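The lines below spell out each chain.
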Amino acid sequence: MRFDVITIFPDMFPGPVGEGVIGKAIDRGLVRLCVHDLRRWADPPHYKVDDEPFGGGAGMVFTPQPVFDAVESVRRELQQQGSQPGPVVLMSPQGRRLSHGSVQRLAQTGQITLICGRYEGVDERIRAHLVDEEISIGDFVLSGGELPAMVLIEAATRLLPEALGDPASARQDSFVEGLLDHPHYTRPAEFRGWQVPEVLRSGNHAAIRAWRRREALRNTFRKRPDLIDLGSLDDEERAFLKRLEKCGPDKDKESDRDADETALK
Ligand code: SAM
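Please read these numbers as outputs of a predicted model, since none were measured by experiment.

The rules behind these values
Residues numbered from 1 in each chain as written. Predicted model: local features only at pLDDT ≥ 70, side-chain atom pairs only at ≥ 80, totals over all residues. Heavy atoms only, no water. Pairing = 2+ DSSP bridges. Helix = DSSP H or I, 4+ residues; strand = E, 2+ residues; numbered from the N terminus. Near = heavy atom within 4 Å. Polar contact = N/O pair within 3.5 Å; in protein donor to acceptor, adjacent residues only side chain to side chain. Areas by Shrake-Rupley, 256 points an atom, 1.4 Å probe, with all protein chains shown as cover. Nonpolar A, V, L, I, M, F, W, Y, C, P; charged D, E, K, R; others polar.

**Looking at the pairing of strand S5 (residues 88-97)**
Pairing geometry for S5 and strand S6 (residues 111-116), over 4 bridges, is parallel. Bridged to Leu90 within S6 is Ile115.

**Quick word on the site of the ligand**
Around the ligand there are 20 residues in total, and Met91, Gln94, Gly117, Phe140 and Leu142 lie nearest to it. Contacts to the ligand include Gly145, whose backbone N or O atom sits 3.5 Å from an oxygen atom. If the ligand stood free it would expose 590 Å²; the protein chains cover 85% of that surface. Those elements that provide at least two residues to the shell around the ligand are S5 and strand S7 (133-136). At 4 residues, the largest contribution of residues to the shell around the ligand is made by S5. Residues of the shell around the ligand, tallied by class, amount to 9 nonpolar, 9 polar and 2 charged.

Nothing here speaks to function; it is geometry throughout.
The structure is reproduced here in C-alpha cells:
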C-alpha cells in the first residue's frame, strides 16, 4: 500500500505513524509513505501556495496550480512505475465521516493521494476537478489536514493483511463484526477487590467465546445501539437484547453488568 501525502508541513511526517505497528509496517516495506512538500510546485523566490479569498474575508486559501501540479506529478510517477493511481482524497471537515467501512474500502485501493489543507482550505476548483472524495475525521475543525491524514493512514494500515503481529486482533476490533469489542482483562485476577469474571479464567474456550460475544452485544447495546443490526443476530441474541432493554438506559460501567445480570435473573 502506498500513501502520497501533499502538505506544506512535510516535517510533521512520519510523526505518530512512524511508531508502533504502523512504523513497523513502513520499515518492513508493507507500506510506503511518500510525503511531498507542496511548495516544491510553487514558484520561487517565495514559494507561495496560498492567496487571499475573492470576495474578501479572513484567512488564506490554497491556490489551484501547485496542488494540481503536485497531484499530477504523483500520478505521472506512479504510471511510470506501472502502478495504478488510486483515489485523490481531500482531508476536509466537510467530507464524508471516516468509518470502518470507508477505511476498509480505501485499504484495498493500493494507493491513495492525500491532500492536507491549511488556512481556510483549498480553492473550490481543486475539490471540484481534482479530488475524488472529501474525507472528514469528525464534526470539528482542526488547523490542517495532516493529523486527519495520519488517522486515515493508521486506520487503513491496521487493516492490511500482515500489518498486525496477530491478524486476529484486527478481526476482533470494534466495528469489524458490526459490534463493539468485548471487555478485556489482564493480571491480576483481583485488583482492589474487583474480580476478573470467573469464566475468563476457566480455560473453557467455548464458554469464553460465548461470554465475549454476549459482552460485545451488551457493550454495543449500552454505548452504540445505533450499530446493532437485528437481522445479523440469532434468536437467542435478540432475546438477550430484549431483556437488556428492560434493565434501563445509559449504563456502561463494569458494575452495570452486575446490575444487568441481577435484573435479568
Ligand atoms: N474553512 C474550512 C471549513 O470550515 O470547512 C476549514 C479549514 S481548516 C482550518 C484547514 C484544513 O484542515 C482543511 O482544509 C482540512 O484539510 C483540515 N481539516 C480540518 N478539520 C478537519 C476534519 N475534521 N477532518 C479532516 N480534515 C480537516
